[in-house]
Amino acid sequence: LKFKATLYGHSLSALCLDGAADGELLATGAADKSLKFWGLEFGELRRSTLAHDDGVTALAFVGATHYLVTASKDGDVKMWDADSGEPF
């Protein structure tokens, strides 16, 4: 394990994260209801969105895509396009 970067951006605790299979993106979900997409080459914040009505508790990229599924304390499950930051 090699330390690469510290990512700052959520206003409350990050609760979950996953990396895309191609190594280009990292997604984080947090108690602040937000979903953030980070570029892994430089650690830059690429997109941020208010994803749910309550904290984002789980997320996972779908296979070798930039599609992401999130789940929240609000009971919703959503699918996102990480390249656009938009839900399906």
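Here goes a summary of the coordinates provided. (Residues numbered from 1 in each chain as written. Predicted model: local features only at pLDDT ≥ 70, side-chain atom pairs only at ≥ 80, totals over all residues. Heavy atoms only, no water.)

Let's talk about the overall build of the protein chain
Here is step 1: Helices and strands together make up the secondary structure of the protein chain, namely 0 helices and 8 strands.
Here is step 2: Its helices and strands in sequence order give the protein chain the pattern β-β-β-β-β-β-β-β, from N to C terminus.
Here is step 3: In summary, the protein chain has a C-alpha radius of gyration of 12 Å against a globular reference of 12 Å for 88 residues, a match within 12%.
Here is step 4: Overall, the C-alpha framework of the protein chain stretches about 35 × 25 × 20 Å when taken along its three principal axes.
Here is step 5: When burial is assessed residue by residue, the protein chain has 33% of its 88 residues classed as buried.
Here is step 6: Intrachain contacts of the protein chain at a sequence separation of at least 6 include 31% that bridge at least 24 residues.
Here is step 7: When the accessible surface of the protein chain is totalled, it reaches about 5,200 Å², and 54% of it is carbon and sulfur. (Helix = DSSP H or I, 4+ residues; strand = E, 2+ residues; numbered from the N terminus. Rg over C-alpha atoms; globule rule 2.2 N^0.38 Å. Buried < 20%, exposed > 50% of the residue type's maximum accessible area, 1.4 Å probe, protein only. Contact = heavy atoms within 4.5 Å. Areas by Shrake-Rupley, 256 points an atom, 1.4 Å probe, with all protein chains shown as cover.)

Structural notes on the environment of Gly75
Here is step 1: If you trace the backbone, Gly75 turns up in the loop between strand 6 (67-72) and strand 7 (77-81).
Here is step 2: Judged by its relative accessible area of 59%, Gly75 is exposed.
Here is step 3: Along the backbone, Gly75 and Gly9 are 66 residues apart, and their C-alpha atoms lie at a distance of 24 Å.

Comments concerning the pairing of strand 7
Here is step 1: By the bridge criterion, 5 bridges tie strand 6 to strand 7 in an arrangement that is antiparallel. Looking at the pairing, Thr70 lines up with Lys78 of strand 7.
Here is step 2: Between the antiparallel neighbours strand 6 and strand 7 lie 4 residues, among them Gly75 with a positive phi of about 90°.
Here is step 3: Judged from the 2 bridges that link them, strand 7 and strand 8 (residues 86-87) form a sheet pairing that is antiparallel. Of the residues in strand 8, the one forming a bridge with Trp80 is Pro87. (Pairing = 2+ DSSP bridges.)

Topic: the packing of aromatic side chains
Here is step 1: Applying the stated criterion across every chain, the model contains 1 aromatic pair.
Here is step 2: Between Tyr67 and Phe88, the aromatic rings sit 5.0 Å apart at their centres with planes inclined by 85°, giving edge-to-face as the arrangement. Taken together, the positions of Tyr67 in strand 6 and Phe88 in the segment after strand 8 put the pair 21 residues apart, joining distant regions of the chain.
Here is step 3: Looking at Tyr67, the relative accessible area reads 35%, which means it is partly exposed.
Here is step 4: In this structure Phe88 comes out as exposed when scored by relative accessible area, which is 61%. (Phe/Tyr/Trp six-rings, centres within 6.5 Å; stacked < 30°, edge-to-face > 60°.)

As for the side chain of Ser34
Here is step 1: When you line up the elements, Ser34 lands in strand 3 (residues 34-39).
Here is step 2: Within the structure, the side chain of Ser34 is placed 2.9 Å from the side chain of His10, a separation counted as a polar contact.
Here is step 3: Apart from the residues lying within four places of it in its own chain, the contact partners of Ser34 are His10, Thr28, Gly29, Thr49, Leu50, Ala51 and Val56. (Polar contact = N/O pair within 3.5 Å; in protein donor to acceptor, adjacent residues only side chain to side chain.)

Notes on the sheet that holds strand 3
Here is step 1: Spatial ordering of the open sheet is given by 1-2-3-4, a layout of 4 strands whose pairing is antiparallel. At either end of the open sheet lies a strand with only one pairing partner, and these are strand 1 (14-19) and strand 4 (45-50). On average, each strand axis in the sheet is inclined to that of its neighbour by 15°, with strand direction left out of account. (Axes fitted to C-alpha atoms, helices over the stretch in contact; angles between N-to-C directions.)

No statement about biological role is implied by the geometric values presented.
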